[in-house]
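# Examining the three-dimensional arrangement
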Amino acid sequence: MRENALELHGVCKKYGGFALRNVGFTLPRGTVMGLIGENGAGKTTTIKAVLDLIRPDSGEITVLGEHGSNPSVREKIGVVLEDGGFPSTMSAAQVSALLGRAYKNWNAEQFASYIEKFGIDREKAIRDYSKGMKTKLNIAAALSHGAELLLLDEPTSGLDPVVRDEVLDLLYDFMQDENHAILLSSHITSDLDKIADEITFIHKGEVLLSEPRDELLDTCGILRCTADQLDALDPSAVRAKRVGAFGCEALVRRDGVPTNWSDRKSTRLNSSHGKLS
């Protein structure tokens, strides 16, 4: 059995109008997990809890077999947050100098190799980078200190398809080592189709499901129907739902939907492929 790179058990954190409630999932080494959910669902809060940037009110988080605040563990985590993280006045050369003091295993040559590969000007201020260049800089930094676990918060958001594919290629190369793992928060389901092994769906601070992507695609679908039809289903068949003024959309187990429903004009059951966020 593979060791887990990340474990969360019963993690709770309450803010003014929002709370993580009993968040739990496991990420084995050698696995890419897609963390999905609407804006405000708790994805970024969960990642910050893993990084020990916020302290949960209760629950347990284990990172690479230890507590995430352990300095030796922090050395092994590569992080890309949606809002970047480096001062906009710094250059790539200054980022390298800074991280060389922060990480014992900082590999300046590897970082310089990524910067050259990406066509990034080492002396240019980050504020003058395009969004794609900023993302590549952050990923280059995350990959240049011997990380075993990557925590990525919307790393491809706002990027054009070509740059997104370049970023995914880097992540694919990182995963050639079966000791590595990635937690990837993303709204872009096509990216998850290409790289994710597991899907964890968080909604309003709660994990609704966490399971292998292929199993989820094989057993579940998106049902579009009326509110009365949704209420008629066995509640155990409904994994998640969204009710609007003109009908309902739900993630359901295929075996929980009557076979004759496919003949009704008011219902439609599609593959869950690409419809999870």
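Note that the structure is predicted; figures quoted are calculated from it, not measured.

### Looking at the nonpolar core
Residues Phe111, Leu137, Leu150 and Ile182 are the most contacted members of the largest nonpolar core, which totals 45 residues. Ranked by residues supplied to this core, first place goes to helix H6 (residues 161-174) with 6 residues. In this structure Ile182 touches Leu27, Thr31, Val32, Met33, Leu149, Leu150, Leu152, Leu171, Phe174 and Met175, once residues within four positions along its chain are discounted.

### A closer look at the sheet that holds strand E6 (residues 149-153)
In space, the 6 strands of this open sheet follow the order E5-E6-E7-E3-E8-E9, with mixed pairing throughout. Each edge of the open sheet is held by one strand with a lone partner, namely strand E5 (77-80) and strand E9 (206-212). Pairwise comparison of adjacent strand axes, ignoring direction, gives a mean angle of 15° for this sheet. The pairing of strand E8 (residues 198-203) with E9 spans 6 bridges and is classified as antiparallel. Bridged to Ile199 within E9 is Glu211. On the sheet, helix H1 (residues 43-50) packs against strand E3 (32-36), E6, strand E7 (181-185) and E8 and is oriented at approximately 150° with respect to E6.

### Brief notes about helix H5 (residues 131-142)
For H5, which comprises 12 residues, the first-to-last C-alpha distance of 17 Å matches the rise-based estimate of 16 Å (1.5 Å per residue) to within 8%. Here H5 lies mainly inside the structure; 9 of its 12 residues are buried. Residues of H5 that are buried include every one of Gly132, Thr135, Lys136, Leu137, Asn138, Ile139, Ala140, Ala141 and Ala142, and no others. Where H5 is buried, its residues meet E5, helix H3 (92-102), helix H4 (108-118), E6 and H6.

### Thoughts on H6
Compared with an ideal rise of 1.5 Å per residue, which puts 14 residues at 20 Å, H6 spans 20 Å between its outermost C-alpha atoms and is within 8% of the ideal. Those residues of H6 lying buried are Val163, Arg164, Val167, Leu168, Leu170, Leu171 and Phe174. Axial view of H6: buried residues confined to an arc of 150°, hence all on one face. Those residues of H6 that are exposed and angled more than 90 degrees off the buried face are Pro161, Val162 and Tyr172. Those residues of H6 that are buried lie in contact with H4, H5, E6, E7 and helix H7 (189-195). Sitting at the amino-terminal end of H6 is Asp160, which places a side-chain oxygen 3.0 Å from the backbone nitrogen of Val162.

### A closer look at the side chain of Asp153
Take Asp153: it is sitting in strand E6. In this structure, Asp153 is buried with no salt-bridge partner, the nearest side chain bearing the opposite charge being Lys43 at 6.4 Å. Within polar-contact distance, the side chain of Asp153 engages the side chain of Ser185 at 3.3 Å. Excluding residues within four positions of it along the chain, Asp153 makes contact with Thr44, Ile47, Val80, Leu81, Glu82 and Ser185.

### A short note on unusual backbone geometry
The general pattern is negative phi for most residues beyond glycine and trans for most peptide bonds. With a phi close to 65°, Asp52 is a non-glycine residue in the positive phi region. Looking at the secondary structure, you find Asp52 in the loop between H1 and strand E4 (58-63). In this structure, Glu154 is a non-glycine residue whose phi angle is positive, near 50°.

### Details of the pattern of salt bridges
According to the stated counting rule, one finds 14 salt bridges in the structure shown. Between Asp165 and Lys194 there is a salt bridge, with its nearest N and O atoms 2.8 Å apart. Here Asp165 is found in helix H6, whereas its partner Lys194 is found in helix H7, with 29 residues between them in sequence. Look at Asp165 and you get partly exposed, because its relative accessible area is 33%. With a relative accessible area of 53%, Lys194 lands in the exposed category. A salt bridge links Arg213 to Asp193; the nearest nitrogen and oxygen atoms lie 3.8 Å apart. Note that Arg213 is positioned in helix H8 (residues 213-219) and Asp193 in helix H7, a separation of 20 residues in sequence. When its relative accessible area of 13% is taken as the criterion, Arg213 is described as buried. When salt bridges that share partners are traced, they join Glu3, Arg29 and Glu148 into one network.

Rules used throughout
Residues numbered from 1 in each chain as written. Predicted model: local features only at pLDDT ≥ 70, side-chain atom pairs only at ≥ 80, totals over all residues. Heavy atoms only, no water. Core = buried A, V, L, I, M, F, W, Y, C linked by side-chain atoms within 4.5 Å. Buried < 20%, exposed > 50% of the residue type's maximum accessible area, 1.4 Å probe, protein only. Helix = DSSP H or I, 4+ residues; strand = E, 2+ residues; numbered from the N terminus. Contact = heavy atoms within 4.5 Å. Pairing = 2+ DSSP bridges. Axes fitted to C-alpha atoms, helices over the stretch in contact; angles between N-to-C directions. Expected span 1.5 Å × (residues − 1). Arc of directions from axis to C-beta. Polar contact = N/O pair within 3.5 Å; in protein donor to acceptor, adjacent residues only side chain to side chain. Lys, Arg positive; Asp, Glu negative; His and termini not counted. Salt bridge = Lys/Arg side-chain N within 4 Å of Asp/Glu carboxyl O.

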